[in-house]
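The primary structure of each chain is shown beneath.
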Amino acid sequence: MKPGIHPPYGPVVFRDKAAGFAFLTRSTATGDGRTVEWEDGATYPVVDVEISSRSHPFYTGTARVLDTAGRVDRFQRRYGGRP
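Calculation notes
- Residues numbered from 1 in each chain as written.
- Predicted model: local features only at pLDDT ≥ 70, side-chain atom pairs only at ≥ 80, totals over all residues.
- Heavy atoms only, no water.
- Patch = residues over 30% accessible without salt bridge, like charges linked within 9 Å, V, L, I, M, F, W, Y side chains within 5 Å.
- Areas by Shrake-Rupley, 256 points an atom, 1.4 Å probe, with all protein chains shown as cover.
- Salt bridge = Lys/Arg side-chain N within 4 Å of Asp/Glu carboxyl O.
- Lys, Arg positive; Asp, Glu negative; His and termini not counted.
- Charge placed at Lys NZ, Arg CZ, Asp CG, Glu CD.
- Helix = DSSP H or I, 4+ residues; strand = E, 2+ residues; numbered from the N terminus.
- Buried < 20%, exposed > 50% of the residue type's maximum accessible area, 1.4 Å probe, protein only.

Caption draft 1: Fine view of a positive patch on the surface. There is a patch of like positive charges on the surface, built from Arg71, Arg74, Arg77 and Arg78. Relative to the assigned elements, arginine 71 resides in helix α2 (residues 68-79). The class of arginine 71 is partly exposed, set by a relative accessible area of 49%.

Caption draft 2: Geometry of the pattern of salt bridges. Summed over all chains, the structure comprises 4 salt bridges. Note that aspartate 48 and arginine 15 form a salt bridge whose closest N and O atoms lie 2.7 Å from each other. Pair noted here: aspartate 48 is in strand β4 (residues 43-49) and arginine 15 is in strand β1 (residues 10-16), with a separation of 33 residues, a long-range link. On the accessibility criterion, aspartate 48 (28% relative accessible area) is partly exposed. Its salt-bridge partner being aspartate 48, residue lysine 17 comes within 3.9 Å of it at the nearest N-O pair. Highlighted residues: lysine 17 in the loop between β1 and β2 (21-27) and aspartate 48 in strand β4, separated in sequence by 31 residues. Judged by its relative accessible area of 58%, lysine 17 falls in the exposed class.

Here is the structure:
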């Protein structure tokens, strides 16, 4: 890697305020200069996110399943026989 062209890579806390969930990971994201004190007593930059694995419908099991077979049948009934 060329020195001096890559952003700094370090620990960052990502926080999902809607779900009340936060996790510590490493990233090049720096946030807006805000920091948070983590469970280990150290202070890390914090990035607020709108959706995480705790609030996304796919991961929480609240995703709606679309009736694609019914939609296809309805389309075929309406437009399938027309030339």
